[in-house]
Amino acid sequence: MVSFIAITALLASLVNAAPHSKDRTSVGLNALAQGRGKQWFGSAADIPGTAETTDTAYLKILHHEFGELTPANALKFMYTEPEQNVFNFTEGDEFMRLAERYQSKVRCHNLVWASQVSDFVTSNTWTAEELKAVMKNHIFKTVQHFGKRCYSWDVVNEALNSDGTFSSSVWYDTIGEEYFYLAFQYAQQALAQIGAQNVKLYYNDYGIENPGTKVDAVLGLVKNLRKRGIRIDGVGLESHFIVGETPSLTDQVATKRAYINADLDVVVTELDIRFAAEPYYSADAQNQQAADYYTSVESCLQVGRRCLGVVVWDFDDAYSWVPSAFAGQGGATLFNDTLEAKPAYYAVSEALQGKKCTVC
Ligand code: XIL
């Protein structure tokens with residue numbers, strides 16, 4: 001009788017075990033990804049200057065699980081060149097030192113974007129030639145300062161509307177479409193000048209993870225660059241998805257294959273999968289999110305080596321950018337806001353181990 005009760009209690013505890021009570025793998029997600037031929041499993045981190053910088057529990061997981069780091073802000077224009085031709089690489093250098101300590105690769109992010117650009121750029125009235133010179137100076141000085149410490153640069157970020165036309169920005173509105181090609185040309189020249197032509201050049205955007213007009217437009221821009229003899233090595237698929245609305249495995253695989261067939265590397269650069277509304281932590285919600293993460297990681301595995309890896313846009317709900325960018329939305333990452341791994345984490349781990357998803 002006693003043993004019957006004991007066994008029943010044991011079985012009940014196993015059945016009721018919440019996914020977060022599982023142990024994380026001892027090797028971490030990055031090692032699992034590398035075991036499957038990927039270059040890394042990475043994360044963005046908003047370091048330095050934020051609570052993350054000194055959060056030892058956070059940093060321990062960052063170090064253990066991830067083998068690539070993307071600075072969420074430190075290399076953006078407004079921080080690296082706050083006033084015209086006055087450069088400040090202090091934060092970028094600090095980020096690089098952390099990545100070196102952790103032996104992580106760094107995807108450098110980004111050079112030319114409509115957002116987070118310095119006031120001197122947006123508040124002046126420029127001729128096209130003047131603004132080209134500003135862009136060239138920014139690209140040359142930044143790229144040459146960080147040199148080979150960057151695995152790659154997101155040269156142009158989010159240049160297109162969902163219909164594939166160029167979106168309004170100080171760059172496009174002043175220079176026209178040519179700004180896009182010039183940015184890559186300058187980055188290529190700057191790297192060649194310092195013998196760092198191995199640093200890869202990327203276009204990075206969201207809404208290009210599903211077949212459609214915007215993907216066709218990106219492929220068109222790649223053709224145009226190459227016609228001009230300008231290098232582009234890869235496309236960054238941001239992959240900011242919504243739970244239950246994540247592109248299907250078939251669509252994510254087809255899209256990645258389309259870029260690879262155009263002789264491009266592919267990286268999932270900013271993966272997070274947010275809830276459009278509460279509840280974020282009910283069992284059903286968590287399982288659906290796990291399934292969406294599983295699909296997204298699996299798509300990178302299915303297309304082979306030229307999907308180099310996956311980067312999540314930070315890994316815990318406390319430091320996620322989502323609640324500040326999308327009112328009322330959240331719960332988007334692999335760990336909850338007290339750093340417990342969610343079913344989504346175990347789904348990613350299972351995908352990377354070639355296992356069926358048991359938490360989806
Ligand atoms: C976000 C950062 O995470 C935030 O901290 C910042 O306030 C705004 O930018 N697409 C990108 C990233 O390419 O640079 C953005 O990062 C998220 C969307």
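Please refer to the structure higher up on the page.
Source: prediction; values computed, not measured.

Would you mind showing me how to read the site of the ligand here?
The local shell around the ligand holds 14 residues, among which Asn73, Lys76, His109, Glu270 and Trp313 are the closest. Interatomic distance of 2.7 Å between a side-chain N/O atom of His109 and an oxygen atom of the ligand. Take Gln116: an N or O atom from its side chain is 3.3 Å from an oxygen atom of the ligand. Of the pockets mapped on this structure, the ligand occupies the largest pocket. Grouping the amino acids of the shell around the ligand by side-chain chemistry returns three nonpolar, six polar and five charged.

I keep staring at the packing of aromatic side chains and nothing clicks. Help me out?
For any pair of aromatic rings, geometry is given as the distance between the ring centres together with the angle between the planes. If you walk through the whole model with that rule in mind, you get 22 aromatic pairs. Judged by centre distance (5.2 Å) and plane angle (80°), the ring pair of Trp40 and Tyr151 falls under edge-to-face. Of this pair, Trp40 sits in strand β1 (residues 40-45) while Tyr151 sits in the loop between α7 (128-146) and β4 (152-157), and the two are 111 residues apart along the sequence. Like Tyr151, Trp40 is buried. Members of the aromatic cluster, connected to one another through ring pairs, are Phe41, Tyr58, Phe66, Phe315, Tyr319, Phe335, Tyr345 and Tyr346. The aromatic ring of Phe326 is capped on one face by Arg274, whose charged end is 3.8 Å from the ring centroid.

Cut-off values and rules
Residues numbered from 1 in each chain as written. Predicted model: local features only at pLDDT ≥ 70, side-chain atom pairs only at ≥ 80, totals over all residues. Heavy atoms only, no water. Near = heavy atom within 4 Å. Polar contact = N/O pair within 3.5 Å; in protein donor to acceptor, adjacent residues only side chain to side chain. 1 Å grid on protein atoms, 1.4 Å probe; cavity = no way out; pocket = protein on both sides within 12 Å on 5 of 7 lines; lining within 4 Å. Sits in = over half its atoms within 2 Å of the grid points. Nonpolar A, V, L, I, M, F, W, Y, C, P; charged D, E, K, R; others polar. Phe/Tyr/Trp six-rings, centres within 6.5 Å; stacked < 30°, edge-to-face > 60°. Helix = DSSP H or I, 4+ residues; strand = E, 2+ residues; numbered from the N terminus. Buried < 20%, exposed > 50% of the residue type's maximum accessible area, 1.4 Å probe, protein only. Lys NZ or Arg CZ within 6 Å of the ring centre and 35° of its normal.

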